[in-house]
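# Analysis of the macromolecular model
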Amino acid sequence: YWPRGYDTALAVAARLFAPRGPDGRPTREGVRTVACLSGPLIAGLTAILVAVLAAPLLGRRAALAAAFAFAIVPWADAADGIGVVDHHVVEQLFSALVPLLYLGAVAARSRLRAAGAGIALSLLGLFWTGGALIMFLVAALALGDRFIGLIRGEERRDAVRLAALLGLAAAAGTAALM
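The rules we used
- As a convention, each chain's residues are numbered from 1 in the sequence order in which they are written.
- With pLDDT at 70 or above as the cut-off, local features in this predicted model cover only qualifying residues; side-chain atom pairs require 80 or more to be listed or tallied, and sums for whole chains, interfaces and linings still use all residues.
- To obtain the side-chain values, all non-hydrogen atoms of the structure were included, while hydrogens and water were left out.
- We count a stretch as a helix when DSSP gives it H or I for four or more residues in a row; a strand needs E for two or more, and each element gets its number in order from the N terminus.
- Should any heavy atoms of two residues lie within 4.5 Å, those residues are counted as being in contact.
- Each accessible area value is a Shrake-Rupley result obtained with a 1.4 Å probe; residue values ignore everything except the protein chains displayed when judging cover.
- Helix span, expected: 1.5 Å multiplied by one less than the number of residues in the helix.
- Relative accessibility thresholds used throughout: buried, under 20% of the residue-type maximum; exposed, over 50%; partly exposed, between the two (1.4 Å probe, protein chains only).
- Here the arc refers to the directions that run from the helix axis out to each C-beta atom.
- Among buried residues, those of type Ala, Val, Leu, Ile, Met, Phe, Trp, Tyr and Cys that are joined through side-chain atoms within 4.5 Å constitute a nonpolar core.
- To get an axis, fit a line to the C-alpha atoms, keeping to the stretch in contact for a helix; angles then go from 0 to 180 degrees between the N-to-C directions.
- Two helices that cross are described as forming a left-handed crossing if the nearer one is turned anticlockwise from the farther one by less than a right angle, and a right-handed crossing if clockwise.
- Three classes are used, and their members are as follows: Ala, Val, Leu, Ile, Met, Phe, Trp, Tyr, Cys and Pro are nonpolar, Asp, Glu, Lys and Arg are charged, and the others, Gly among them, are polar.
- Two aromatic rings, drawn from Phe, Tyr or Trp (for Trp, its six-membered ring), form a pair once their centres lie within 6.5 Å of each other, and the interplanar angle then sorts them: stacked below 30 degrees, edge-to-face above 60, tilted otherwise.
- Whenever a nitrogen or oxygen atom comes within 3.5 Å of another N or O atom, the pair is scored as a polar contact, on the condition that within protein one atom can donate a hydrogen and the other can accept it, and that pairs from neighbouring residues in sequence are kept only if both atoms are in side chains.

For the protein chain, the count of helices and strands is eight helices and zero strands. Starting at the N terminus and walking to the C terminus, you meet the elements of the protein chain as α-α-α-α-α-α-α-α. Summarising the internal contacts of the protein chain: among those between residues at least 6 apart in sequence, 59% fall at separations of at least 24. A total accessible area of about 11100 Å² is found for the protein chain, and carbon and sulfur atoms account for 68% of it.

The terminal C-alpha atoms of helix H6 (residues 111-127) lie 25 Å apart, and with 17 residues this matches the ideal 24 Å at 1.5 Å per residue to within 8%. Ala117, Ala120, Leu124 and Phe127 are the residues of H6 that are buried. Within H6, the buried residues cover an arc of 75° as seen down the axis, which keeps them to one side. The outward face of H6, more than 90 degrees from its buried face, is lined by the exposed residues Arg111, Leu112, Ile119 and Ser122.

Quick look at the nonpolar core now. In terms of nonpolar packing, the biggest core is built from 21 residues, with Tyr6, Ile42, Val90, Phe94, Tyr102 and Ala120 touching the most fellow members. Every element with two or more residues in this core is listed here: helix H1 (5-17), helix H2 (28-58), helix H5 (88-108), H6 and helix H7 (133-151). Counting residues per element, this core draws most heavily on H5, which supplies nine residues. With eight residues, the next largest nonpolar core counts Val50, Ala54, Ala63 and Ala67 among its residues.

Remark: H1 packs on H2, axes separated minimally by 9 Å, with the N-to-C direction vectors making an angle of 120°. Along this stretch, H1 crosses H2, giving a crossing that reads as right-handed. The segment H1 lies against H2, with Tyr6, Leu10, Ala13, Ala14 and Phe17 engaging Val31, Val34, Ala35, Ser38, Gly39 and Ile42. Along the lines of polarity and charge, the residues of the contact of H1 with H2 split into nine nonpolar, two polar and no charged.

Not every positive phi belongs to a glycine, and Arg109 is a case in point at roughly 50°. By the secondary structure assignment, Arg109 is in the loop between H5 and H6. With relative accessibility at 53%, the residue Arg109 sits in the exposed group.

Further remarks concern the packing of aromatic side chains. Counted under the stated rule, the structure contains one aromatic pair. Ring centres of Phe94 and Phe127 lie 5.6 Å apart, and the angle between their planes is 15°; this geometry places the pair in the stacked category. Placement of Phe94 in helix H5 and of Phe127 in helix H6 is noted, with a sequence separation of 33 residues between them. Judged by its relative accessible area of 11%, Phe127 falls in the buried class.

Within the secondary structure layout, His87 lies in the loop between helix H4 (75-80) and H5. Each residue touching His87, except ones within four places of it in the same chain, is listed here: Trp2, Tyr6, Phe127 and Trp128.

This part covers the side chain of Ser110. Looking at the element boundaries, Ser110 is found in the loop between H5 and H6. A relative accessible area of 19% means that Ser110 is categorised as buried. A polar contact is formed between the side chain of Ser110 and the backbone nitrogen of Leu112, at a distance of 3.4 Å.

Along the chain, the position of Leu97 falls in helix H5. On the accessibility criterion, Leu97 (13% relative accessible area) is buried. Sequence separation of Leu97 and Gly116 is 19 residues, and the distance between their C-alpha atoms is 9.3 Å. Sequence-distant contacts of Leu97, defined by excluding residues within four places in its chain, comprise Leu49, Leu53 and Ala120.

What follows is the structure, given as structure tokens:
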């Protein structure tokens, strides 16, 4: 089973942007064009988002280097190949977005950014069944953050609350993988 998020997103994009035939429906060539452009556009969006979201965390130079790495390392192309349209490019987008949004939320102590990370994690599930694995990365990042907080002498109450949330995240991730 593969989720239909990518297929649905492409169908919506084709409906919105593909040229129309005499019958008012998107043409076959228009749909193909939208599908073929989706990979490079999503890859470009990923590089831009990595640069923007990583800059406050890593500094401008490191963020640009990370974005450049996303732009030149062909993970999706290795899986999809030229002319083959598949969901792998969206996996990269959300797999980068979730930890960057989470780390940004921790750094800024922002509930809004944390909610954004949760939404991105949920959206990842629409495109890739293995997206639940990212929950374990997020849990590890959260645990590391709280461990550092405990070393600095922050309140234990936060650590107990976080431990409960991590337990729920681990249980949900395990259930999703089964």
